[in-house]
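Analysis of the macromolecular model
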Amino acid sequence: MGEAELLDGAAEELRRDFSGKVLDREDSGYDEARSVFNAMIDRRPALIAQSESAADVAAALALARDRGLDVAVRSGGHSVAGAGVSEGGLVIDMRRMNDVSVDPEARIATAAGGATWSDFDRATQPHGLMSTGGRVSTTGVAGLTLGGGSGWLERRFGLACDALESVTLVTADGEIVTASEDENPELFWALHGGGGNFGVATELRFRLSPLPAATFGLLVWPPDRGLEVAHRYRDLIEGGPKELGGGLAYITGPPEEFVPEQLQGRLVAAAIVVYAGPEEEAREAIAPLLELRPEGEMLAEMPYAEIQCAIDDPPGLRNYWSAEHLASLPDEALELWNQRAADMIVPSASQHILFPAGGAVGDEDRGWPLPWRDAPWVVHPFGLWDTADQDEQGIAWARAVCADMKPFATGDLYLNFVGNEGEDRLVAGYGRENYDRLAAVKAEYDPGNVFNLHHNIKPAR
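As the structure is a computational prediction, the values presented were derived from the model and not from experiment. (Residues numbered from 1 in each chain as written. Predicted model: local features only at pLDDT ≥ 70, side-chain atom pairs only at ≥ 80, totals over all residues. Heavy atoms only, no water.)

This next bit is on helix H17 (residues 432–445). Along an α-helix, residues three or four positions apart point the same way, because every turn accommodates 3.6 residues. Relative to the 20 Å expected for 14 residues at 1.5 Å per residue, H17 spans 20 Å between its end C-alpha atoms, a close match to the ideal helical length. Along H17, the residues that are buried comprise Asn434, Tyr435, Leu438, Ala439, Val441, Lys442 and Tyr445. All buried residues of H17 project into a common sector of 165° when viewed along the axis, lining one side. Exposed side chains of H17 directed beyond 90 degrees from the buried face belong to Glu433 and Glu444. Where the residues of H17 are buried, they touch helix H8 (185–190) and helix H16 (423–428). (Helix = DSSP H or I, 4+ residues; strand = E, 2+ residues; numbered from the N terminus. Expected span 1.5 Å × (residues − 1). Buried < 20%, exposed > 50% of the residue type's maximum accessible area, 1.4 Å probe, protein only. Arc of directions from axis to C-beta. Contact = heavy atoms within 4.5 Å.)

Following this line, the structure appears as structure tokens:
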């Protein structure tokens, strides 16, 4: 059956019992709705179902099942592989379902499936409460959390998925199920890293933590001081408090007043400081870095929600990311990492970054399918650039960074940090034993492998 036959009357059929909006290729707003964060992705779905309820989601899934359409689920749209949009299929667009409610006494937040971390943080901020969220505020709550959920303050508060109380899903057959420690516990286990393989998350409930004060900073040096800064940063983190998060990076010097003019638009070494506490404590914690006299310095106490969007990456750029978790960060690894900065695209929004892990990330392991959480460091070449003629350089740089780090790597992998890098890398994201267990859960909730576009766990036979 051809596409025209598959789609004949499909939009009208779905619109009959749909409270949201259904877009086809001829509708105004279609091109905007199909765009995702990575401008390399240019796919044209047959239909976009902008859902407003779990019933809408179930109706869209029923139509896709009846018509044999591939299904993509889109919230924040930040999957570097473009998992939020399909070619010729049906997109369940969750962005109209973005409410976040907070019970400050119970310290519980309930986020609808299309909420972003900006929606979440701005709902919890007035109560002095938070949960670990994405480093870019436009990232979807559901996608980040179900993939594990790494964030700026994970060393103090753990991963986003560690705070989950429950998740409500619409499964492939349209059934609405809730997963928690007491209800469907095996599914709940799978949702701590297994991503969108098991259904469409329409509601996520989180335990919140108090955060009376937080501090954000960006310190910059000329690139010829990068290795010196890297050694100091490594030693600081490895002996420092778990309240200290952030990262070490080479970036393009931003056009900010605190950055000297001669460093703006050029490669700079930078320390990103995110501290769970007041500025005075933060300055004490990073005193060894401040002793290196950065040429640009911004360090200030500010609301957590503002910190979360302080270095948001712009949409509309071409993206390629990868990552390796490191068992250690010896001098040899730092030197290789430092040398590879010369290959990144400058100027651009790219980040040649090392994230510190450890702290609560490893301490709070409750057996979720996340073997990488014991690693103390993550190297994450995060490439963003403007034009297609830069693709070869940007992709080669990211792959070379990871190749350099292989001798120091654990072999594990946080899948939210990468695109589709093959079956072996997918299994490494969970570990073989966890992968097999996840495949059994997949067989129960999605035996037909409807949800297959992003880091696909195939159902066990």
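From this point on, the discussion continues.
Along the chain, the position of Thr110 falls in strand S6 (residues 108–112). In this view, Thr110 contacts Asp99, Val100, Ser101, Glu203, Leu204 and Arg205; residues no more than four positions away in its chain are not counted.

Read from one edge of the open sheet, four strands run S1-S2-S4-S3, paired in mixed fashion. The sheet is open, and its two borders are formed by strand S1 (21–24) and strand S3 (71–74), each paired with just one other strand. Recorded for the sheet is a direction-independent mean angle of 20° between the axes of neighbouring strands. (Pairing = 2+ DSSP bridges. Axes fitted to C-alpha atoms, helices over the stretch in contact; angles between N-to-C directions.)

Turning our eyes to something else, we now look at the pattern of salt bridges. The tally for this structure, following the rule as stated, stands at 29 salt bridges. Linking Arg232 and Glu291 is a salt bridge whose minimum nitrogen-to-oxygen distance equals 3.5 Å. With Arg232 in helix H9 (residues 226–239) and Glu291 in the loop between helix H11 (287–290) and strand S15 (296–301), this pair connects stretches of sequence that are 59 residues apart. One salt bridge connects Asp235 with Arg234, and the closest N-O pair in it is separated by 3.1 Å. (Salt bridge = Lys/Arg side-chain N within 4 Å of Asp/Glu carboxyl O.)

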